[in-house]
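Observations on the three-dimensional arrangement
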Amino acid sequence: MTQGFVDGPADGPADIPPWGMETTDLAGRLGVDPDRGLSAGEVERRLAADGPNLLASAPPRPAWQRFLDQFRDPLIYLLMGAVVISLAAWAFEREHAWPVDAIVISVIVVLNAVLGFVQEARAQDAVAGLARLTAVNSSVLRDGEVQRVPSAGLVRGDVLV
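Note that the structure is predicted; figures quoted are calculated from it, not measured. (Residues numbered from 1 in each chain as written. Predicted model: local features only at pLDDT ≥ 70, side-chain atom pairs only at ≥ 80, totals over all residues. Heavy atoms only, no water.)

Details of the confidence of the model for the chain
Of all residues in the chain, 91% attain a pLDDT of 70 or more, and the chain-wide mean is 86. The secondary structure element of the chain with the lowest average pLDDT is helix 1 (residues 23-30), at 87, and the one with the highest is helix 3 (residues 63-69), at 95. Contacts for the low-pLDDT stretch residues 1-12, under 50 throughout, to residues beyond four places or in other chains number 16 contacts. (pLDDT = per-residue confidence, 0-100. Helix = DSSP H or I, 4+ residues; strand = E, 2+ residues; numbered from the N terminus. Contact = heavy atoms within 4.5 Å.)

Brief notes about the sheet that holds strand 3 (residues 159-160)
Hydrogen bonding along the main chain pairs the strands of a sheet, whether they run parallel or antiparallel. Strand order in the open sheet formed by three strands is 2-1-3, and the pairing between neighbours is antiparallel. Two strands close off the open sheet at either side, each with one partner strand: strand 2 (145-150) and strand 3. In terms of strand pairing, strand 1 (residues 137-142) meets strand 2 through six bridges, oriented antiparallel. Paired with Arg142 across the bridge in strand 2 is Glu145. (Pairing = 2+ DSSP bridges.)

Here's the deal with the packing of helix 4 (residues 74-93) against helix 5 (residues 100-133)
The N-to-C vectors of helix 4 and helix 5 enclose an angle of 160°; their axes lie 8 Å apart at closest approach. In terms of orientation, helix 4 lies roughly antiparallel with respect to helix 5. Regarding helix 4 and helix 5, the two cross each other, and that crossing is left-handed. Facing helix 4, whose interface residues are Ile76, Leu79, Met80, Ala82, Val83, Ser86 and Leu87, helix 5 presents Asp101, Ala102, Ile105, Ser106, Val109 and Asn112. (Axes fitted to C-alpha atoms, helices over the stretch in contact; angles between N-to-C directions. Parallel < 35°, antiparallel > 145°, perpendicular 65-115°, else oblique. Left-handed = near helix turned anticlockwise from the far one by under 90°.)

So, helix 4
The terminal C-alpha atoms of helix 4, which comprises 20 residues, lie 28 Å apart, in line with the 28 Å expected from a rise of 1.5 Å per residue. If you follow the buried residues of helix 4, they end up packed against helix 5. Two or three places before Leu75, at the start of helix 4, stands the capping residue Asp73, its side-chain oxygen 2.9 Å from that residue's backbone nitrogen. Just beyond helix 4, the residue with positive phi is Arg94, at close to 50°. (Expected span 1.5 Å × (residues − 1). Polar contact = N/O pair within 3.5 Å; in protein donor to acceptor, adjacent residues only side chain to side chain.)

Side note on the pairing of strand 1
Burial runs high along strand 1: five of the six residues are buried. Hairpin remark: strand 1 followed by strand 2, antiparallel, with two residues in the connecting loop; positive phi at Asp143, about 55°. Both strand 1 and strand 3 contribute to a ladder of two bridges, which runs antiparallel. When the bridges of strand 3 are listed, Leu141 appears paired with Val159. (Buried < 20%, exposed > 50% of the residue type's maximum accessible area, 1.4 Å probe, protein only.)

Structure (structure tokens):
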């Protein structure tokens with residue numbers, strides 16, 4: 001049984017989960033006055049101790065890795081095989097001074113990768129912009145007053161309205 005979310009001694013049986021406790025017992029366990037909420041100083045202390053109310057996200061991938069990912073496609077493998085075959089045919093025939101077919105296919109593959117990379121970057125920017133526009137706010141009782149705060153700023157013990 002884990003009670004890692006709780007500070008201080010328990011007011012009731014230790015095996016009761018928070019959702020099964022009486023409101024006053026839970027408020028006492030969390031060290032909050034349900035009629036006044038937390039003080040600004042206590043919110044800052046808890047935010048510093050516990051961190052923001054955010055889900056951990058994966059670290060961003062470097063641009064060069066996202067670019068190389070554009071080459072991970074069966075069609076690209078097929079085209080690269082065509083480049084190899086074209087180079088082999090050019091090496092045996094020497095019909096032209098340059099392996100024109102292999103160069104054209106390679107340019108198409110690189111242009112495809114550049115276009116895919118640009119489209120992916122634009123899509124990521126659009127998603128980030130939407131996330132900023134739809135940032136969730138919550139109404140909480142702090143210092144006896146209802147306040148609107150970003151949900152990332154919620155702390156353990158906040159009284160939601």
